Amino acid sequence: MNWGVFEGLLSGVNKYSTAFGRIWLSLVFIFRLLVYVVAAERVWSDDHKDFDCNTRQPGCSNVCFDHFFPVSHIRLWALQLILVTCPSLLVIMHVAYREAKEQRHRAAGGDDCRCIYPNPGKKRGGLWWTYLLSLIFKAGVDVVFLYIFYRFYRNYTLPRVVKCELPPCPNVVDCFISRPTEKNIFTLFMVVTACVCVMLSLIEAAYLIGKRCRECLLASSGESRW
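Here the residue index of a chain counts from 1 through its sequence in written order. It should be noted that, the model being predicted, local features are given only for residues of pLDDT at least 70 and side-chain atom pairs only at 80 or more, the latter also being counted only at that level, while totals for whole chains, interfaces and linings use all residues. The basis for the side-chain values is all heavy atoms of the structure; hydrogens and waters are excluded.

Student: Could you give an account of the overall build of the protein chain, naming the residues involved and the relevant values?
Tutor: Counting its regular elements, the protein chain contains 6 helices and 3 strands. Here the term buried applies to any residue with accessible area under 20% of the maximum for its type, exposed to any over 50%, and partly exposed to those in between, with areas from a 1.4 Å probe on protein chains only. Burial analysis of the protein chain (226 residues in total) assigns 38% to the buried set. Two residues form a contact once any of their heavy atoms are found within 4.5 Å. For the protein chain, restricting intrachain contacts to residue pairs at least 6 apart in sequence, the fraction spanning at least 24 positions comes to 76%. In this description a helix means any DSSP run of H or I spanning at least four residues, a strand means any run of E spanning at least two, and both kinds are numbered starting from the N terminus.

Student: Requested: an account of the confidence of the model for the protein chain, with residues and values cited.
Tutor: A low pLDDT means the predicted coordinates there should not be read in detail. Confidence in the prediction for the protein chain averages 80 pLDDT; 83% of positions are at 70 or higher. Across the protein chain, helix α5 (residues 126-152) holds the top mean pLDDT of 89, while helix α1 (residues 3-15) sits lowest at 57. Every residue is assigned a pLDDT by the predictor, reflecting its confidence on a scale from 0 to 100.

Student: Describe the state of the cysteines, with residues and values.
Tutor: Count a disulfide wherever a pair of cysteine sulfur atoms falls within 2.5 Å. On inspection of all chains with the given rule, the structure shows 3 disulfides. At a sulfur-sulfur separation of 1.9 Å, the disulfide partner of C60 is C169. With the S-S dihedral at roughly 95°, the linkage between C60 and C169 falls on the right-handed side. Taken together, the positions of C60 in helix α3 (residues 60-68) and C169 in the loop between β2 (161-164) and β3 (173-176) put the pair 109 residues apart, joining distant regions of the chain. The pair formed by C60 and C169 is uniform in burial state, with each residue classed as buried. What connects to what in the protein chain, once the bonded cysteines are numbered by sequence position, is 1-6, 2-5, 3-4. There is no disulfide at C195, and the cysteine sulfur nearest it, in C197, is 9.4 Å away. Lacking any disulfide linkage, C216 is separated from the closest cysteine sulfur, that of C213, by 6.4 Å.

Student: Got a sec to walk through the sheet that holds strand β1 (residues 52-53)? Specific residues and values, please.
Tutor: Being paired, for any two strands, means DSSP has found at least two bridges between them. The strand order across the open sheet built from 3 strands is β1-β3-β2, with neighbouring strands paired in antiparallel fashion. Edge strands, defined here as strands with exactly one partner in the open sheet, are β1 and β2. The sheet contact formed by β1 and β3 spans 2 bridges and is antiparallel. Residue pairing across strands places C53 opposite C175, the latter belonging to β3. Interaxial angle, 0 to 180 degrees, is taken between N-to-C directions of lines fitted to C-alpha atoms, where a helix line uses only the stretch in contact. Seen against the sheet, α3 touches β1, β2 and β3 and runs at an angle of roughly 110° to β2.

Student: Give a description of unusual backbone geometry that names residues and reports values.
Tutor: The amide bond that connects P167 to the next residue, P168, takes the cis arrangement and shows omega of 15°. Here P168 lies in the loop between β2 and β3. Its identity is not glycine, yet Y156 carries a phi of approximately 60°, on the positive side. Tracing the backbone shows Y156 in the loop between α5 and β2. Judged by its relative accessible area of 18%, Y156 is buried. The phi angle at R179 is positive, at roughly 50°, despite the residue not being glycine.

Student: Describe the pattern of salt bridges, listing the residues and the values that go with them.
Tutor: Definition used for salt bridges: Asp or Glu carboxyl oxygen within 4 Å of a side-chain nitrogen of Lys or Arg. Scanning the model with the defined rule gives 3 salt bridges in all. The closest approach of N and O atoms between D142 and R32, which form a salt bridge, is 3.0 Å. Taken as a pair, D142 in helix α5 and R32 in helix α2 (residues 19-43) lie far apart in primary sequence, 110 residues in all. Accessibility assignment for this pair places D142 and R32 in one class, buried. The salt bridge involving R179 is made with E182; its shortest N-O contact spans 3.7 Å. What makes R179 partly exposed here is its relative accessible area of 36%.

Student: Explain α3 to me, and be specific about the residues and the numbers.
Tutor: By the burial criterion, the buried members of α3 are C60, C64 and F65. Viewed end-on, α3 has its buried residues packed into an arc of 125°, placing them on one side of the element. Tucked inside the fold, the buried residues of α3 contact β1, β2 and β3. The arc in question is the one spanned by the directions pointing from the helix axis to the C-beta atoms.

Student: Describe in detail the nonpolar core, supporting the description with residues and values.
Tutor: Formed by 40 residues in total, the largest nonpolar core has its most connected members in W24, F51, C64, F69, W77, V173 and C175. Of all the secondary-structure elements, those providing two or more residues to this core are α2, α3, α4 (73-109), α5, β2, β3 and α6 (180-225). A total of 9 residues in this core trace back to one element, the largest contributor, which is α2. Those residues in contact with C175 that sit more than four places away from it in its chain are F51, D52, C53, C64, R160, V161, V162 and C164. Working definition of a nonpolar core: buried Ala, Val, Leu, Ile, Met, Phe, Trp, Tyr and Cys residues. They are joined through side-chain atoms within 4.5 Å. Among the nonpolar cores identified, the runner-up in size contains 10 residues, and Y16, L127, L132 and L135 belong to it.

As structure tokens, this is what we get:
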């Protein structure tokens, strides 16, 4: 991973975010991304290898593992983190588009021409909508993945033993999961942090809408006085 590029992206996201957005970014980077990279991957590294069933029937362990764990936690979390951080990059791209457009306008009309975007990073017009939709998308992604985890792994927990009778297993066999307690702790931790991120995104969206409505009301009241 190129940490220099990653640091530049984080700086850009942090620059154009509100206070709630900065808290969200810190939570995602520290409590989700770093925990995923440093700890969670190692916990699930022996996921399939140490899934033991009390039978030597060829193929039984593979079939049972695929039935009870259709998608790995690690791969779902990786996809979730990718999708939840992409909208923030779209905001940076929108600001970069504004800056490039402003530079082209100044190059064509000279330094004395009127600015199209006096402050390209200010959330007005299309950038406001881009930022608001990014918040809704981030919250929606986390909610969808929380539902997927709940459907695959009931109550977000893993049992110590699962009973499997799928063919080619000769009968009902007991299969044992590696380190279920540790995996449950990490799963609940990631679920709680995702819920906090959803709450922060919704609060920030409500803040932006409330602030915009307040500005519109003040503008309309100012015009009515004249």
